[in-house]
2 protein chains.
Amino acid sequence: MSQIATLLVIDDEPQIRKFLRISLSSQGYKVVEAATGAEGLAQAALARPDLVVLDLGLPDMDGQQVLRELREWSAVPVLVLSVRASEVQKVEALDSGANDYVTKPFGIQEFLARVRALLRQAPQAAATDVAPSFGPLTVDLAFRKVTLDGVEVALTRKEYALLAQLATYPGRVITQQQLLKDIWGPTHVDDSHYLRIVVAHVRQKLGDDPTAPRFIITEPGVGYRLVAPE
Amino acid sequence: MSQIATLLVIDDEPQIRKFLRISLSSQGYKVVEAATGAEGLAQAALARPDLVVLDLGLPDMDGQQVLRELREWSAVPVLVLSVRASEVQKVEALDSGANDYVTKPFGIQEFLARVRALLRQAPQAAATDVAPSFGPLTVDLAFRKVTLDGVEVALTRKEYALLAQLATYPGRVITQQQLLKDIWGPTHVDDSHYLRIVVAHVRQKLGDDPTAPRFIITEPGVGYRLVAPE
DNA sequence: AAGGGTCTTTACGCATTCTTTATGCCCTGG
DNA sequence: CCAGGGCATAAAGAATGCGTAAAGACCCTT
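Values in this document were obtained by computation on a predicted structure and should not be read as measured data.

**Some remarks on the protein's contact with DNA strand D**
Then, number 1: Taken together, 22 residues lie near DNA strand D, and T218, G221 and Y224 of chain A together with T218 and Y224 of chain B sit nearest.
Then, number 2: Looking at DNA strand D alone, sugar and phosphate atoms form 72% of those within 4 Å of the protein.
Then, number 3: Here a phosphate oxygen of DNA strand D and a side-chain polar atom of Y224 of chain A are 2.8 Å apart.
Then, number 4: R196 of chain B places a polar side-chain atom, nitrogen or oxygen, 2.9 Å from a phosphate oxygen of DNA strand D.
Then, number 5: Looking at the surface near DNA strand D, the elements with two or more residues in it are α8 (192–206) of chain A together with α8 (192–206) of chain B.

Structure below.
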């Protein structure tokens, strides 16, 4: 929420991209660009933007098609741009999953206001993310709540930060450097010592045994990972 | 979502209301109407609509004002109608919390498509209770009233703002930065001190004990949260 | 102009958390 | 077999954050 929002602009016209890039950057947004529909879809998967600005008049594929393919796996808010003002097209785009529709030419102030409006309601979509569960263990990232066998587990800041980091990518190994950078900051990437202590604390609170782990698995020399959820 | 959606139309012109009522009813929506801003706010609290259609040109009060008052306690999507196409007004409305802005005259198909888009992206926004209760404690966000065991509790502005913020997302942790930004403004996000004092006051008035909390739970180093409602 | 209520500022005791320091274990490779 | 690096755990001292109280500043009403 307080994080800087990332926006993806999909438009084939360089001057429009430039115009939008400058306008949006000046507002503090991070801007990612794509010139074609295919590239746009790839960037949407890669950069995980908080909002997509999509021009319907793309050279390689129909804008509607981009929208439908995007909606198959993402709920990110989409603001559609188009020169054509045909009502039928607006209806089609909105029903294909667009969240707003702006006709070119448009006022930049109105455009920015609509971006703000879409971003404002977006965190609710992100907050509905499901809480991953690992057998008796659940890590609710939205509510910042960890439960074991239905009982809430009290974790300190660092302990929760560690577990949340691991739970964000279940089953995947997170390197020590990654964990140290995210929890202690980039100045402590060499203090792998800290990490072991916090891991020990979390394990203790979860009743986990390092030699026969139920939850946190040590990858020697690399990092840690959480067992994959069911 | 599969439930029939209820829409609230706030407009002083009977012919527009009739036009919208017929159009929306034919789509299967339930339609509630209000002719004035005051009536609209009352209906919003009473009927708990899933979407509000608001005309800015109301006789009794400024549309912007209606919007702001509504936003104090409700996150329901709002679609604003207006004859004026001034960009400044659009920006104002969108920044006051409107989710979309349509200029009259408009095509009914586009209007209905925008209604569908808004209902689609915010299915849970309207589901939040305006008067959640936490055992003996109730926080009525619409009437700005807090009662404990049926007795009204007198809270100061900041005290109420804090409790309202917490009650908007029951059971969820609200970070100190979030609370400070919303209550004191973005310039005081570091004065976590203020927060403790107001929390202490609210707890005192609610007869709450920090070490064995009935209502407000401290998440050390992070923020506060209200116990989940029953 | 006085008064009450609200907000801000300042101060301090206390608990928890974080950091530091120390020690023993296990596995691996020479 | 032994040496060494990485891992786990324990227990201190240091630092930070929380809760409470109280006094002064501010604001609004009367």
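Past the structure itself, the notes keep going.
**Re the pattern of salt bridges**
All names here are of chain A.
Then, number 1: The full count for this structure, using the stated rule, is 24 salt bridges over all chains.
Then, number 2: Residue K104 pairs with E13 through a salt bridge whose shortest N-O separation is 3.4 Å. On the criterion of sequence distance, the pair formed by K104 in the loop between β5 (100–103) and α5 (108–127) and E13 in the loop between β1 (6–10) and α1 (14–26) is long-range, its members being 91 residues apart.
Then, number 3: Residues D55 and K104 are paired through a salt bridge, measuring 2.7 Å at the closest nitrogen-oxygen approach. Within this pair, whereas D55 is found in strand β3 (residues 51–55), its partner K104 is found in the loop between β5 and α5, the two being separated by 49 residues in sequence.

**What to know about the sheet that holds strand β12 (residues 223–226) of chain B**
Residue and element names in this part refer to chain B.
Then, number 1: What the three strands build is an open sheet, ordered β10-β12-β11; its pairing is antiparallel. Each edge of the sheet is formed by a strand with only one pairing partner; in this case those strands are β10 (174–175) and β11 (216–219).
Then, number 2: Alignment of β10 against β12, held across two bridges, turns out to be antiparallel. Its bridge partner lying in β12, I174 is registered against Y224.
Then, number 3: Across the sheet, helix α6 (residues 157–168) touches β10, β11 and β12, and the angle it forms with β12 is around 70°.
Then, number 4: Packing of α8 onto the sheet brings it into contact with β11 and β12, and relative to β11 it is tilted by some 155°.

**Remarks on the domain arrangement of chain A**
Then, number 1: Assigned domains of chain A: these are domain 1 (6–120) and domain 2 (133–226).
Then, number 2: Put simply, the middle of domain 1 of chain A and the middle of domain 2 of chain A, counted by C-alpha atoms, are 37 Å apart.

**What to know about the sheet that holds strand β7 (residues 137–140) of chain A**
Residue and element names in this part refer to chain A.
Then, number 1: Pairing within the open sheet is antiparallel, and its four strands lie in the order β6-β7-β8-β9. Both outer strands of the open sheet, β6 (133–134) and β9 (151–152), are each paired with one neighbouring strand and no more.
Then, number 2: Across two bridges, strand β8 (residues 145–148) lies against β9 in antiparallel orientation. Bridge pairing in β9 places L148 opposite V151.

**Quick word on the environment of Q121 of chain A**
Then, number 1: With respect to the element layout, Q121 of chain A can be found in helix α5.
Then, number 2: Taking the C-alpha atoms as reference, Q121 of chain A lies 9.1 Å from P77 of chain A; in sequence the two are 44 residues apart.
Then, number 3: Beyond its immediate sequence surroundings of up to four residues, Q121 of chain A is in contact with N99 and Q121 of chain B.

**Section: the protein's contact with DNA strand C**
Then, number 1: What surrounds DNA strand C is a group of 14 residues, the closest being W184 and Y194 of chain A together with T156, W184 and Y194 of chain B.
Then, number 2: Put simply, 69% of the atoms of DNA strand C that lie within 4 Å of the protein are in sugar or phosphate.
Then, number 3: At a separation of 3.3 Å, a base oxygen of DNA strand C approaches a polar side-chain atom of H193 of chain A.
Then, number 4: Secondary-structure elements contributing two or more residues to the surface near DNA strand C are α6 (157–168) and α8 of chain A together with α6 and α8 of chain B.
Then, number 5: Classifying every residue of the surface near DNA strand C by side-chain character gives six nonpolar, four polar and four charged.

**Here's the deal with the packing of α6 of chain B against α8 of chain B**
All names here are of chain B.
Then, number 1: For the pair α6 and α8, the least separation of the axes is 10 Å and the interaxial angle reads 85°. When the axis of α6 is compared with that of α8, the two are roughly perpendicular. Contacts between α6 and α8 involve K158, E159, L162 and L163 from the first element and L195, V198, V199, H201, V202, K205 and L206 from the second.

**Structural notes on the side chain of R114 of chain B**
Then, number 1: By the secondary structure assignment, R114 of chain B is in helix α5 (residues 108–121).
Then, number 2: Not counting residues within four places of it along the chain, the set of residues in contact with R114 of chain B comprises L94, D100, Y101 and R114 of chain A together with L79, D100 and V102 of chain B.

**What to know about the packing of aromatic side chains**
Then, number 1: All told, the structure shown has four aromatic pairs over all chains when counted by the stated rule.
Then, number 2: The ring of Y160 of chain A carries R144 of chain A above its face, with NZ or CZ at 4.3 Å from the centroid.

**Details of the nonpolar core**
Then, number 1: The biggest cluster of nonpolar side chains holds 56 residues, and the ones touching the most others in it are L162, L163 and I216 of chain B.
Then, number 2: When residues of this core are assigned to their parent elements, the largest contribution, six residues, is made by α6 of chain B.
Then, number 3: Formed jointly, this core draws a minimum of three residues from each of two domains, domain 1 (6–120) and domain 2 (133–226) of chain B.
Then, number 4: L148, L155, A164 and F215 of chain A belong to the second-largest nonpolar core, a separate cluster that totals 29 residues.

So, how was this worked out
Each chain carries its own residue numbering, running from 1 in the written order of its sequence. The naming scheme follows written order: chains are lettered A onward, ligands numbered 1 onward. Only residues with pLDDT of at least 70 get local features here, since the model is predicted, and only at 80 or more are side-chain atom pairs given and counted; chain-wide, interface and lining totals rely on the full set of residues. Values shown for side chains rest on all heavy atoms present in the structure; no hydrogens or waters enter the calculation. Whether a residue is near a molecule or strand depends on its heavy atoms: it is near if one of them lies within 4 Å of it. Polar contacts, as counted here, are pairs of nitrogen or oxygen atoms within 3.5 Å of one another; within protein the pair requires one atom able to donate a hydrogen and one able to accept it, and residues that are adjacent in sequence qualify only if both atoms are side-chain atoms. Each helix is a run of DSSP H or I of at least 4 residues and each strand a run of E of at least 2, with the numbering of both proceeding from the N terminus. For this document, the term salt bridge refers to a Lys or Arg side-chain nitrogen within 4 Å of an Asp or Glu carboxyl oxygen. Strand pairing is assigned whenever DSSP identifies at least 2 bridges connecting the two strands. Between two residues, a contact is recorded if the distance between any of their heavy atoms is within 4.5 Å. To define axes, lines are fitted to C-alpha atoms, for helices over the stretch in contact only, and angles between the resulting N-to-C directions are given on a 0 to 180 degree scale. Note: domain ranges come from an automatic or database domain assignment. In this count, Pro and Cys sit with the nonpolar residues alongside Ala, Val, Leu, Ile, Met, Phe, Trp and Tyr, while Asp, Glu, Lys and Arg are called charged and the others, Gly among them, polar. Oblique is the label for every angle not falling under 35 degrees (roughly parallel), over 145 degrees (roughly antiparallel), or within 65 to 115 degrees (roughly perpendicular). Any Phe, Tyr or Trp ring, taking Trp's six-membered ring, that has another such ring centre within 6.5 Å forms a pair; planes under 30 degrees apart are called stacked, those over 60 apart edge-to-face, and the others tilted. Here, over-ring charges are defined by two tests on the NZ atom of lysine or the CZ atom of arginine: distance to the ring centre within 6 Å, and angle to the ring normal within 35 degrees. Buried Ala, Val, Leu, Ile, Met, Phe, Trp, Tyr and Cys residues form a nonpolar core when they are joined through side-chain atoms within 4.5 Å. Working definition: with a 1.4 Å probe on protein chains only, accessible area under 20% of the residue-type maximum means buried, over 50% means exposed, and in between means partly exposed.

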